[in-house]
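Spelled out from the first residue to the last, the chains are:
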Amino acid sequence: METKVFSGEIPAKADRGFFIRFLKWGIGISLLLFLLGAIGAGGVLYYFSRDLPSLDSLGTYAPSQSTRIYSDDNNLIGEFYIEKRVYVPISQMPKHLIQAILAVEDSRFYEHQGFDSIRIVRAALANLESGRIRQGASTITQQLTRSLFLTSERTMERKIKELLLSRKVEKVLSKDEILEIYLNHIYFGHGAYGVQVASLTYFGKNVAEITLEEAAFLAGLPKAPNDYSPYRHPERAKFRQRIVLKRMVDEGHISQGQYRRAYEKDMVFKKLQHGHDFARYFKEYVRQHLISRYGDDVVYKGGLKVYTTLNEKMQAMAEEALTQGLRQLDKRQGYRGPIGRYEAVSEESPGDTKDSRPLRAANLKVGDLLTARVLSLSPEFALVETGETIGKILLRDMGWAARRLTGPDVRKDRTLFDHPIPADILAPDDLIQVEVKSIDETDGIVLFALEQEPTVQGAFVSLDPADGTVKALVGGYDFGKSEYNRAVTARRQPGSVFKPIIYGTAIEQGYTAASILIDNPVIFTDDETQKVWKPENYEKRFYGRTTMRDALTYSRNLATVKLLREIGIRPVVNFAKQIGIESSLTRDLSLALGSSGVSLLELTSSLGVYANEGLRIPPALILYVTDSEGHVLETRDRSAEQVISKETAYVVTNILEDVVQRGTAKRARKIGRPVAGKTGTTNEFTDAWFVGYTPNLISGVWVGFDDNRSLGYKESGGRAALPIWVAYMEDALALLPVVPFKIPDDIVYAKIDRASGMLAREGESGEYEIFVKGTEPTEVKQEFASPSEFFRFDQEDSF
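This one's a predicted model, so the numbers in the text were calculated from it and none came from an experiment.

## Some details on empty space enclosed by the protein
Argument step 1. Under the defined criterion, the tally for this structure stands at one cavity of 30 Å³ or more.
Argument step 2. Taken together, Leu463, Asp464, Pro465, Gly468, Ser605, Gly608, Val609, Asn612, Leu615, Arg616, Ile617 and Ile698 make up the lining of the largest cavity.
Argument step 3. Contributing elements (two or more residues each) for the lining of the largest cavity: helix 19 (600-611) and strand 20 (615-616).
Argument step 4. A breakdown of the residues in the lining of the largest cavity according to their chemical character gives six nonpolar, four polar and two charged.

As structure tokens, then:
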């Protein structure tokens, strides 16, 4: 039997039928598998596409932008943000920066449709070859989609959604629109989102000014901002820059020569700023206002621009004056002892030191405040160590600490060494605060002064009385330790600094600076409670007949109480509200002595009415606010109201000038220009105030403890608050012209006898006094009644 060999010819009829059936069967199975696969893929796509985020917002995409705060000369002084970014159009970005980003992140960006199949295959092969994930395949569109709409979790579901969304994004936006959003959105490290903030953060310049080498550095950051930070890892940052430049060569964006020159150039990085520590109480007040008006989202993400009234130079002067004034007061109160004790890590005995080390400064400058360890003591000085520096504290620079506090009461809990030596004040291994006093330029030897952190608080505010703009505001000694704003929020008794409001009311009612008041003792008894109130003068004595000028100049309490009784409490309350006092005021005679709590800002602004010829303009910290597109959202209230006459304002001002020239604020005479002001001190020296002004600047100071403790014996407004005011105004007024107080037309002069307030007799000596026209005296001095009128004792029924 022969064996048939297949020759490639079609088999016989039966065999041919089997072959056709087999072929049909194979094709059918393939079609079925393809159909099932297509249905499966479609099902998967349908499943994952059901809950894809909407892309409707992409057409009007507005990234989170920080709110920026500007000073009165448009310098940036602070920002409020969650993610710090400033949006810039792609047209303002240099071409080489865009090329650098594309070269290292997505070189085929303008060729693919949202995801890059070629890149995916290349990355898969590279990862399979290495056995680990070495390359990513995400395009710029995918990165943006993931950042805007998805999470960063590594799951297949997220990856599929990312691919689907990326394809949809490419249909909604053009390539340039996608790239613009991406470049404004990505993170570059150190709190910088987007190319504009990154340029400012690292180089202190706008993105349009970025050079090729700087662009290559920035382009290398998004992959791993922390790993390539030039501040933390400069070598890695330089290595990454080289990779970016090389990729730009590979893509034909730059030549080998450009690559070499850019790589060899040194880059100068801007010093990192850890927030703005300047004017923090001022900015916090602004932040609270913005949030109350626009809400958190707008303030932290909406890119508002807030143009404020703050003058940077004056703010710095105010902060320095308050800081130094509180430190000086704190020293007068006494030394509270070391801030701690040094615990040796070796077997050294206390005081054992490396005394043979040279006394040299290591990166110190005069004025630095540091923590130091006391090494040893001699009769003339203490040897101290801070960091790598050893220096001396001479006895004279620690002598203030001979007053040693042993408790919270600065008047009772105090011990005084009559002839102290360093050992009476310090001990070896004390940890203390010191200030660098001097550094010898020849040998670097450092002298320190003993310091301590004040526990006393204070506040300061300065305004332009002509328009109400707040030029400087400080709400406490240290915002980092206490955010409570004592310039705005605190309500403290103003004491005698409230008296200009009493006297202003009287002038409006027709009283004059020459009106006679009786300053003698008086007792008030409350009919209901039988509570007795016996006001007294600061000097613990009384002065009999006195003019209104002298009563305010020398701050006579008894005369002022009687004046309030004469003019009425209600008119004073109404007058106070007219000129800007918003706090609730006590409706009894203690109001004459400033018994009602007010804020420093409202009181200073209110007394500014006297400086502004009777015009009331509300205080303002914000000039105007715009949204991210420049539309004005709010402007300050510029309304001005003539709340008192020019003549009343001038008479009060003229008397307050006497307070400076011969009264309780004589320290302010050193200003050397027309100045008016008033001191204030409350019972037990709890609060110390001074508010003073020139025609073009008014400033107020408050000093006290938050828990209402006494500041110490004789720590009055003239001693505790006024020096702070003087220190500030000496510097601040140097920025402003000398301006006299303007005399209104209806102010007249008359020669009077000060003892009687009447016209002086012809031929007798007298003093010229100012009057509102029509209120000047017309009668000539007469003989007085019995001198007993000077010293009578008044018993009143009620206060």
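Now that the structure has been shown, we can carry on.
## Overview of the pairing of strand 2 (residues 76-80)
Argument step 1. Most of strand 2 sits inside the fold, with four of its five residues counted as buried.
Argument step 2. The pairing of strand 1 (residues 67-70) with strand 2 spans four bridges and is classified as antiparallel. Paired with Thr67 across the two strands is Phe80, which belongs to strand 2.
Argument step 3. Where strand 1 folds back on strand 2, the antiparallel hairpin that results is connected by five residues, among which Asn74 adopts a positive phi of roughly 65 degrees.

## As for unusual backbone geometry
Excluding glycine, residues mostly have negative phi values, and the peptide bonds linking residues are mostly trans.
Argument step 1. A positive phi angle is found at Ala279, which is not glycine, with a value near 55 degrees.
Argument step 2. One can find Ala279 in the loop between helix 10 (256-264) and helix 11 (280-294).
Argument step 3. Notably, Glu684 is not glycine yet its phi reads approximately 60 degrees, a positive angle.
Argument step 4. Of note, Glu684 is situated in the loop between strand 24 (676-681) and strand 25 (687-694).
Argument step 5. According to the relative accessible area criterion, Glu684 is partly exposed, its value standing at 47%.

## Points about the environment of Ala611
Argument step 1. Within the element layout of this structure, Ala611 appears in helix 19.
Argument step 2. What makes Ala611 buried here is its relative accessible area of 10%.
Argument step 3. When the C-alpha atoms of Ala611 and Leu697 are compared, they prove to be 8.3 Å apart, with 86 residues separating the residues in sequence.
Argument step 4. Apart from the residues within four sequence positions on either side, Ala611 is in contact with Pro465, Thr653, Tyr693, Thr694 and Pro695.

## Let's talk about the sheet that holds strand 15 (residues 470-474)
Argument step 1. Overall, antiparallel pairing links the five strands, which are arranged 15-14-26-25-24 in an open sheet. Two strands in the sheet have a free side with no partner beyond their single neighbour: strand 15 and strand 24. Neighbour-to-neighbour, the strand axes of the sheet open up by a mean angle of 5 degrees, direction not taken into account.
Argument step 2. Where strand 14 (residues 457-463) and strand 15 come together, four bridges link them in antiparallel fashion. Residue pairing for strand 15: Ser462 is matched across the bridge by Ala472.
Argument step 3. Contacts from helix 13 (residues 312-333) reach strand 14, strand 15 and strand 26 (697-704), with the element oriented near 30 degrees to strand 15.
Argument step 4. The strands touched by helix 20 (residues 646-662) are strand 24 and strand 25; relative to strand 24, the strand with the most contacts, the crossing angle is about 65 degrees.

## Overview of the packing of aromatic side chains
What describes a pair of aromatic rings is the distance from one ring centre to the other and the angle between the planes of the rings.
Argument step 1. The full count for this structure, using the stated rule, is 19 aromatic pairs.
Argument step 2. Aromatic pair Phe203 and Phe217: ring centres 5.8 Å apart, planes at 85 degrees, arrangement edge-to-face. Of the two residues, Phe203 is situated in helix 7 (residues 194-203) and Phe217 in helix 8 (residues 212-219); the sequence distance between them amounts to 14 residues.
Argument step 3. Of the residues examined, Phe203 reaches a relative accessible area of 9% and is grouped as buried.
Argument step 4. The interplanar angle of 20 degrees and the centroid separation of 6.4 Å between the aromatic rings of Tyr259 and Tyr263 together place this pair among those described as stacked. Taken together, the residues Tyr259 and Tyr263, both in helix 10 and four residues apart, mark about one turn of the helix.
Argument step 5. When its relative accessible area of 16% is taken as the criterion, Tyr259 is described as buried.
Argument step 6. Judged by relative accessible area, Tyr263 falls into the partly exposed class, the value being 28%.
Argument step 7. Members of the aromatic cluster, each reached through a chain of ring pairs, are Tyr202, Phe203, Phe217, Tyr231 and Phe269.
Argument step 8. In this structure, Lys238 is placed above the aromatic ring of Tyr263, and the distance from its NZ or CZ to the ring centre is 4.8 Å.
Argument step 9. Seen from the ring of Tyr543, Arg556 lies directly overhead, with NZ or CZ sitting 3.4 Å from the centre.

Reading guide: rules and limits
- Residues numbered from 1 in each chain as written.
- Predicted model: local features only at pLDDT ≥ 70, side-chain atom pairs only at ≥ 80, totals over all residues.
- Heavy atoms only, no water.
- 1 Å grid on protein atoms, 1.4 Å probe; cavity = no way out; pocket = protein on both sides within 12 Å on 5 of 7 lines; lining within 4 Å.
- Points joined across faces, edges and corners; volume = space filled by probe spheres on them.
- Helix = DSSP H or I, 4+ residues; strand = E, 2+ residues; numbered from the N terminus.
- Nonpolar A, V, L, I, M, F, W, Y, C, P; charged D, E, K, R; others polar.
- Buried < 20%, exposed > 50% of the residue type's maximum accessible area, 1.4 Å probe, protein only.
- Pairing = 2+ DSSP bridges.
- Contact = heavy atoms within 4.5 Å.
- Axes fitted to C-alpha atoms, helices over the stretch in contact; angles between N-to-C directions.
- Phe/Tyr/Trp six-rings, centres within 6.5 Å; stacked < 30°, edge-to-face > 60°.
- Lys NZ or Arg CZ within 6 Å of the ring centre and 35° of its normal.

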